[in-house]
Amino acid sequence: EEMAEAQLYAKVSNKHRARSTSALLEPLLAKGFPAHIAQKALVATGQKTIEDAVKWLHSHCNDPSLDDPIPQEYALYLCPTGRLHSRLQDFWKESKRQCGKNRAHEVFPHITLCDFFTCEDQKVELLYDVLKRVGDSFSQSFPPSISLTLHASPSYLGFFIDDSQANVLKRFAAAFSSEASALADCHVKPSLKQFHLTLAHRFYPHHQKTLEELAKCINPGEPCQWVAALYSRDMRFVYYQRLRALFQYKPQNIDELLINAGDLIYVDPAQQRDVSEGWVIGTSHRTGCRGFLPENYTERAHEADTWVKHREYVFDTASRSFPKEPNVKLNGEAHNLSMSKSVTNVLSLQSAALRRAVLVMRHGERVDQVFGKSWLQQCLTADGKYYRADLNFPSSLPRQKDSMKLFECDPPLSCCGIFQSRLIGEALLDQEVTVSYVYSSPALRCVQTAQHVLQGLKLNQKVRIRVEPGLFEWTKWEASRAIPNFMTVAELLEASYNIDTSYRAHFPLSSLVPSESYEDYVSRSSAVIKQITSTCPSKGVILIVGHGSSLPSLTRALAGLPSRDSGDFAQMVRKIPSLGMCFCEEQKEENKWQMVNPPVKTLTHGANAAFDWRNTILEE
């Protein structure tokens, strides 16, 4: 049967092509791989080389779906290359940085010619022939340049294509569809929508203005060579999220998944309900195996990261002349492009600004540090009301809906802690330090420290605090052996803390694991500092308010230094005082971060014991 299949594939393949499927398939059959599995490996790797297919087969040796006859889905896209593509990539990066991710970021810049359709593995080669033949027949009539008109609405931003040119593209898509449907026995439909190149889609309406301003920096008349490219994706995972592994994870149990740094994992949000906190269940794109993995070892990836490019047809119109100064239309209004050109690219303006830096700071003095674990009993009346038993107790406690008891595991700053924080903020202001972003651990003492540092900097109305659970200290040090019940963002807002409500945490609270291992804490810290620095712009200081443990774990990871072993780590953290600081500056030229002196001096003060005048002065 396998021989018969192999002969069928050989007949199907194009004899004249040097790298025809049979030329790639035969060596795989000679290695003893069954024909249908060898064919599957070739399709999964874009039918490029025997080496790629063999590597795929070795990685997928334990893939439970290896024998399943599930075809791939294919789509035909028209993609820009050259200078226009670079400008679009700049927009992708900048729009994500300023407004967060939207649906357009899932895929690279493209115009959809034919939407996804299925094709059996052994007939994919015929799609390549059709693309080449139809491309050749349109090579002379393909427009020398494509006029793009910017169109904006509250949920969509993109370029529409001039009608006469869109008609040529439509004829090209229709010709590919009908030939592919007939020859490769699949159901291909040309895109029926108005041809467009999406820039942003399904974004928050309040980001529309920013996105439009960024889009106006793209000159659609930039030189561009257009390429018709055939991509495939695994139809089983269309509605799944994709995660990228940041670190290697070696399974501790039989139901866990082995991942290497860089692996892509398919995760079905609907299957996560019964999974224990901090874990996800997913399928590895590299191996096809399924199992549990720690969520904080991953970051979100894009849908197109798991797609495979098969073949492309380049429309070579360079030999024809380009119009001199095309006009761009914004929703129908003409704008001469010499204007847009003078709008310097957003990115080059920012890279000229001052260096990026990260200031990591421990929170201020906490009440239990001064008054011990029973501090709350000392300042509650018989009916449970708070009163200030010493001037170093805060004047009031923020309201928590559940109970005062929650403050025992999440204590506030003492009055001195508030004063220390404000003093540091004022010192940063004196040194003219530009703080652009503030991140805080969810612990109340850290949020309060961030708030009072911002007040000292006179930035409390301008910069909002991003609460990031990934910054919480090593959970093994939590006395209660559980993750504290932190105040929610809503409760913090109600208590007048200046919280950034639009911020989406890299590590949700649910991902914090009680009594985590030291290795887990180190990798969480490394992941969170990398994610913070990659989502913040290229100027000013990123202030991070965390715990004693944050100083070594975040800054050593950022500077590329190995972590200390856990015994040394505990000794070192004990020496870090309230408001202890570490400062890292980006050395952009060398693509690294370096630890340097913080911009302000240390704050040293003595202890002040409680004083009872009666027992001291009147004592006989």
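Residue indices begin from 1 for each chain and proceed along its sequence in written order. pLDDT decides what is reported in this predicted model: residues at 70 or higher carry local features, side-chain atom pairs at 80 or more are listed and counted, and totals for whole chains, interfaces and linings draw on all residues regardless. Based on all heavy atoms of the structure, the side-chain values leave hydrogens and waters out of the count.

As annotated in an unreviewed UniProt entry, the chain carries the name Ubiquitin-associated and SH3 domain-containing protein A and comes from Sylvia atricapilla. UniProt positions are given in the numbering used here, feature names are shortened, and annotations may be inferred rather than shown by experiment. UniProt lists a comment for the chain under the heading Subunit (unreviewed entry), and it reads "Homodimer or homooligomer. Interacts with CBL. Part of a complex containing CBL and activated EGFR. Interacts with ubiquitin and with mono-ubiquitinated proteins. Interacts with dynamin."

Undergrad: Which residues make up the overall build of the chain, and what values do they have?
TA: A helix here means a DSSP run of H or I that spans at least four residues, while a strand means a run of E at least two residues long, and both kinds are numbered starting from the N terminus. Of the regular secondary structure elements, the chain holds 20 helices and 20 strands. Burial classes: relative accessible area under 20% of the type maximum marks a residue as buried, over 50% as exposed, and values in between as partly exposed (1.4 Å probe, protein chains only). With 620 residues in all, the chain has 50% of them scored as buried. Sequence separation of at least 24 residues holds for 76% of the intrachain contacts in the chain that already meet a minimum separation of 6. All accessible areas in this document rest on Shrake-Rupley with a 1.4 Å probe, and a residue is counted as covered only by the protein chains that are shown. As displayed, the chain offers around 30,500 Å² of accessible surface, 52% of which is attributable to carbon and sulfur atoms. Here, residues are in contact when the closest pair of their heavy atoms is within 4.5 Å.

Undergrad: I'd like a rundown of helix α5 (residues 83-99), residues and numbers included.
TA: For an α-helix, the turn length of 3.6 residues means that residues three or four places apart are oriented alike. Here α5 contains 17 residues, and its C-alpha end-to-end distance of 24 Å stays within 8% of the 24 Å for a straight helix at 1.5 Å per residue. Looking only at α5, the buried set comprises Leu84, Leu88, Asp90, Phe91, Trp92, Glu94, Ser95 and Cys99. Downstream of α5 by one or two residues, glycine 100 has phi in the positive range, about 80°. In a helix, the anticipated span is given by 1.5 Å times the number of residues less one.

Undergrad: Can you lay out the sheet that holds strand β12 (residues 308-314) for me, pointing to particular residues and giving the numbers?
TA: Whether two strands pair depends on DSSP finding at least two bridges between them. The strand order β2-β1-β6-β12 describes an open sheet built from four strands, whose pairing is antiparallel. In this open sheet, the two edge strands, each paired with only one partner strand, are β2 (111-119) and β12. Direction aside, neighbouring strands of the sheet carry axes that sit 20° apart on average. Inspection of the sheet shows strand β6 (residues 225-233) paired to β12 by six bridges, in the antiparallel sense. When the sheet's bridge partners are listed, alanine 228 is paired in β12 with tyrosine 313. Only the contacting stretch of a helix is used when fitting its axis, a line to C-alpha atoms as for every element, and angles between N-to-C directions run 0 to 180 degrees.

Undergrad: Pulling in residues and values, what's your account of the packing of aromatic side chains?
TA: How two aromatic rings sit relative to each other is given by the distance of their centres and the angle of their planes. Any two rings among Phe, Tyr and Trp, with Trp reduced to its six-membered ring, count as a pair given centres within 6.5 Å; such a pair is stacked if its planes are under 30 degrees apart, edge-to-face if over 60, and tilted if neither. Throughout the structure, instances matching the rule amount to 30 aromatic pairs. Seen in terms of ring centroids, phenylalanine 247 and tyrosine 297 are 5.6 Å apart; in terms of plane orientation they differ by 85°. Their pairing is edge-to-face. One end of the pair, phenylalanine 247, is in the loop between β7 (241-245) and β8 (264-267); the other, tyrosine 297, is in the loop between β10 (290-294) and β11 (298-300), with 50 residues separating them in the sequence. Exposure class is identical for phenylalanine 247 and tyrosine 297. Each is buried. Taken together through their ring pairs, the aromatic side chains of Tyr77, Phe108, Phe116, Tyr231 and Trp307 make up a single cluster. The ring of phenylalanine 195 carries lysine 170 above its face, with NZ or CZ at 5.7 Å from the centroid. Note that arginine 233 overlies the ring of phenylalanine 116, its terminal NZ or CZ placed 3.6 Å from the centroid. The rule is short: NZ of Lys or CZ of Arg within 6 Å of the ring centre and within 35 degrees of the ring normal puts a charge over the ring.

Undergrad: Pulling in residues and values, what's your account of the state of the cysteines?
TA: Cysteine sulfur atoms are paired as a disulfide whenever they come within 2.5 Å of each other. Counted by the stated rule, this structure contains zero disulfides. Cysteine 416 supplies the cysteine sulfur nearest to cysteine 415, a cysteine that is in no disulfide, at a spacing of 7.3 Å.

Undergrad: Report on the sheet that holds strand β9 (residues 279-284), specifying residues and quantitative values.
TA: Strand order in the open sheet made by the five strands is β10-β9-β8-β7-β11, with antiparallel pairing throughout. Taken across any chain shown, the strands that pair with only one partner, and hence form the sheet edges, are β10 and β11. Across the sheet, the axes of successive neighbouring strands diverge by a mean angle of 45°, strand direction being ignored. Note: β7 against β8, four bridges, orientation antiparallel. Looking at the pairing, arginine 244 lines up with leucine 264 of β8.

Undergrad: Break down the nonpolar core for me, citing the residues and quoting the values.
TA: Formed by 56 residues in total, the largest nonpolar core has its most connected members in Leu78, Leu157, Phe176 and Leu199. It is helix α6 (residues 124-138) that provides the largest number of residues to this core, a total of eight residues. Setting aside residues up to four positions removed in sequence, leucine 78 forms contacts with His110, Ile111, Leu113, Phe142, Ile146, Leu169, Trp226, Val227, Ala228 and Phe315. We define the nonpolar core as a collection of buried residues of types Ala, Val, Leu, Ile, Met, Phe, Trp, Tyr and Cys that are connected through side-chain atoms lying within 4.5 Å of one another.

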